Amino acid sequence: MRSIIFSHYSPTETRRLGPTLDVEHSTVRVLGNLQLTLWDCGGQEAFMHNFFSTQREYIFKSVEMLIFVFDMEIRDFSSELSYFESCLDAIQVQSKDAKVVCLLHKMDLVASDVRQSVVEEKTAELMRRANGLRIEVYSTSIFEDSLYRAWSHIMNSIMPNIDTIRDHLQKFCEVADVSQVVLFEKSSFLSIAGYHLNATEEDVVPYDKLSSALKRFNLALNNNRTTSFKLVRLRLNGFILIITNFTKNTVLMAVDNNPNMSK
Ligand SMILES: Nc1nc2c(ncn2[C@@H]2O[C@H](COP(=O)(O)OP(=O)(O)O)[C@@H](O)[C@H]2O)c(=O)[nH]1
Ligand SMILES: [Mg+2]
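Criteria and thresholds
- Residues numbered from 1 in each chain as written.
- Chains lettered and ligands numbered in written order.
- Predicted model: local features only at pLDDT ≥ 70, side-chain atom pairs only at ≥ 80, totals over all residues.
- Heavy atoms only, no water.
- Domains from an automatic or database assignment.
- Contact = heavy atoms within 4.5 Å.
- Buried area = accessible area lost by both parts, 1.4 Å probe.
- Salt bridge = Lys/Arg side-chain N within 4 Å of Asp/Glu carboxyl O.
- Near = heavy atom within 4 Å.
- Polar contact = N/O pair within 3.5 Å; in protein donor to acceptor, adjacent residues only side chain to side chain.
- Areas by Shrake-Rupley, 256 points an atom, 1.4 Å probe, with all protein chains shown as cover.
- Nonpolar A, V, L, I, M, F, W, Y, C, P; charged D, E, K, R; others polar.
- Pairing = 2+ DSSP bridges.
- Helix = DSSP H or I, 4+ residues; strand = E, 2+ residues; numbered from the N terminus.
- Axes fitted to C-alpha atoms, helices over the stretch in contact; angles between N-to-C directions.
- Expected span 1.5 Å × (residues − 1).
- Buried < 20%, exposed > 50% of the residue type's maximum accessible area, 1.4 Å probe, protein only.
- Phe/Tyr/Trp six-rings, centres within 6.5 Å; stacked < 30°, edge-to-face > 60°.

1. Side note on the domain arrangement of the protein
Move 1: If you check the domain split of the protein, you get domain 1 (2-158) and domain 2 (162-256).
Move 2: Inter-centroid distance (C-alpha atoms) of domain 1 to domain 2 is 27 Å.
Move 3: At the junction of the two partners, domain 1 supplies 18 residues and domain 2 supplies 17 residues.
Move 4: A combined buried area of about 1,600 Å² lies between domain 1 and domain 2, and 59% of that area is made up of carbon and sulfur atoms.
Move 5: Counting the surface domain 1 buries against domain 2, the share from its top three residues, His 8, Leu 31 and Tyr 148, is 39%.
Move 6: At the surface where domain 1 touches domain 2, the tally comes to 1 salt bridge.

Set out below in structure tokens:
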């Protein structure tokens, strides 16, 4: 997930990545000067044991968000649940204000006819285990748009000033007299925020689909990863869509569902 969102890998290119051992630290820059520090903690038993004993404070102190990834390929969900509970215990002591997100990951490996019931059943079980603590659960797959839905949410909920950005987008939408605007972070294409005005629900383009489509489009344009697109303009019957570089670190999409010639 990290390689796709922050290092421009395609999903198939991640096949050559080996499993994470111990803790892999990485720092990604988003929006220019916002620094996101990711600690990717390997899930093997020996490492987990250390995280909860000798490394407990080192791992769980000063955490802003705990993201617990459940691998849907692993059949033994109950042992994963007991790790999850141990994480919750540790985080509540070491970083009591940390947000908690659970990802039901590799969802593509679950048969499509049982996916919804699997998600509902696992979400209910996680809520029970969280015992009143606020948690959010997303299903994800590196091959699907769901990856962007979950990670946009993750980024938005730890980003400062998100409400101010939303207010500005609302004003932009009104002043430019367009139906929808969405702001994307330029390197990851995660959606930061959006606003729509006088647009029916079915006219509103879902952000996760946009992020995923933009990422694929950019990868296809940009095999050597040195350039990025500057402007996309689509004019169809009763519909104009513009995606453009906006600031140094953002890309803006604007959609007008009721264009008239005077605009
Ligand atoms: N089918 C499927 N494979 C995935 C997904 N995410 C990661 N992988 C594969 O899983 C393999 C190892 O990655 P990962 O599970 O992250 O290893 P970990 O570090 O031990 O958790 C790689 O070959 C990835 O391509 C997914 O959503 N679906
Ligand atoms: Mg890994």
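Moving on from the coordinates now.
2. Observations concerning the site of ligand 1
Move 1: If you check the shell around ligand 1, you find Thr 14, Arg 15, Pro 19, Thr 20, His 105, Lys 106, Asp 108, Leu 109, Ser 141, Ile 142 and Phe 143 and nothing else.
Move 2: Note that an oxygen atom of ligand 1 is positioned 2.8 Å from one of the side-chain N or O atoms of Thr 14.
Move 3: About the coverage of ligand 1: the protein hides 69% of its 580 Å² of free accessible area.
Move 4: Among the residues forming the shell around ligand 1, the class breakdown is 4 nonpolar, 4 polar and 3 charged.

3. Observations regarding the sheet that holds strand β4 (residues 99-105)
Paired through backbone hydrogen bonds, the strands of a sheet run either parallel or antiparallel to each other.
Move 1: Taken in spatial order, the 3 strands of this open sheet run β3-β4-β5, and their pairing is parallel. Every other strand in the sheet has two partners, leaving β3 (65-71) and β5 (135-139) as the edge strands with one partner each. On average, each strand axis in the sheet is inclined to that of its neighbour by 20 degrees, with strand direction left out of account.
Move 2: As defined by bridge partners, β3 adjoins β4 across 7 bridges and the pair is classed as parallel. Looking at the pairing, Phe 68 lines up with Cys 102 of β4.
Move 3: Packing against the sheet, helix α4 (residues 77-94) makes contact with β3, β4 and β5, and its axis sits at approximately 175 degrees to β3.

4. Re the pairing of strand β1 (residues 23-30)
Move 1: Strand direction decides the pairing type here: β1 and strand β2 (residues 34-41), joined by 8 bridges, are antiparallel. From the neighbouring strand, His 25 faces β2, where its bridge partner is Trp 39.
Move 2: Linkage of β1 to β2, two consecutive antiparallel strands, is achieved through a turn of 3 residues, within which Leu 31 is found at a positive phi near 50 degrees.

5. Remarks on helix α6 (residues 146-158)
Move 1: Across its 13 residues, α6 extends 19 Å between first and last C-alpha, which sits within 8% of the 18 Å expected from 1.5 Å per residue.
Move 2: Burial of α6 is extensive: 10 of the 13 residues sit out of reach of the surface.
Move 3: Taken together, the buried positions of α6 are Ser 146, Leu 147, Tyr 148, Ala 150, Trp 151, Ser 152, His 153, Ile 154, Met 155 and Asn 156.

6. A short note on the packing of aromatic side chains
Move 1: Inspection of every chain in the model, using the stated rule, returns 9 aromatic pairs.
Move 2: Ring centres of Phe 52 and Phe 60 lie 5.9 Å apart, and the angle between their planes is 10 degrees; on these two criteria the pair is classed as stacked.
Move 3: On the basis of relative accessible area, Phe 52 is assigned to the buried category, the value being 17%.
Move 4: Here Phe 60 falls in the buried class, since its relative accessible area comes to 4%.
Move 5: Measuring from ring centre to ring centre gives 5.4 Å for Phe 68 and Phe 84, while their planes differ by 75 degrees; the resulting arrangement is edge-to-face. Here Phe 68 is found in strand β3, whereas its partner Phe 84 is found in helix α4, with 16 residues between them in sequence.
Move 6: We classify Phe 68 as buried; its relative accessible area is 7%.
Move 7: Given the relative accessible area of 0%, Phe 84 is considered buried.
Move 8: Here a set of aromatic residues connected by ring pairs shows up, and it is made of Phe 68, Phe 70, Phe 77 and Phe 84.

7. Remarks on unusual backbone geometry
Move 1: Even without glycine at this site, Asp 22 takes up a positive phi of about 55 degrees.
Move 2: Structurally, Asp 22 is set in the loop between α1 (2-7) and β1.
Move 3: Asp 22 sits in the partly exposed class, given a relative accessible area of 33%.
Move 4: We note that Lys 106 has phi near 65 degrees; this positive angle belongs to a residue other than glycine.
Move 5: Tracing the sequence through the fold places Lys 106 in the loop between β4 and α5 (112-130).
Move 6: Overall, Lys 106 belongs to the partly exposed group, its relative accessible area being 29%.

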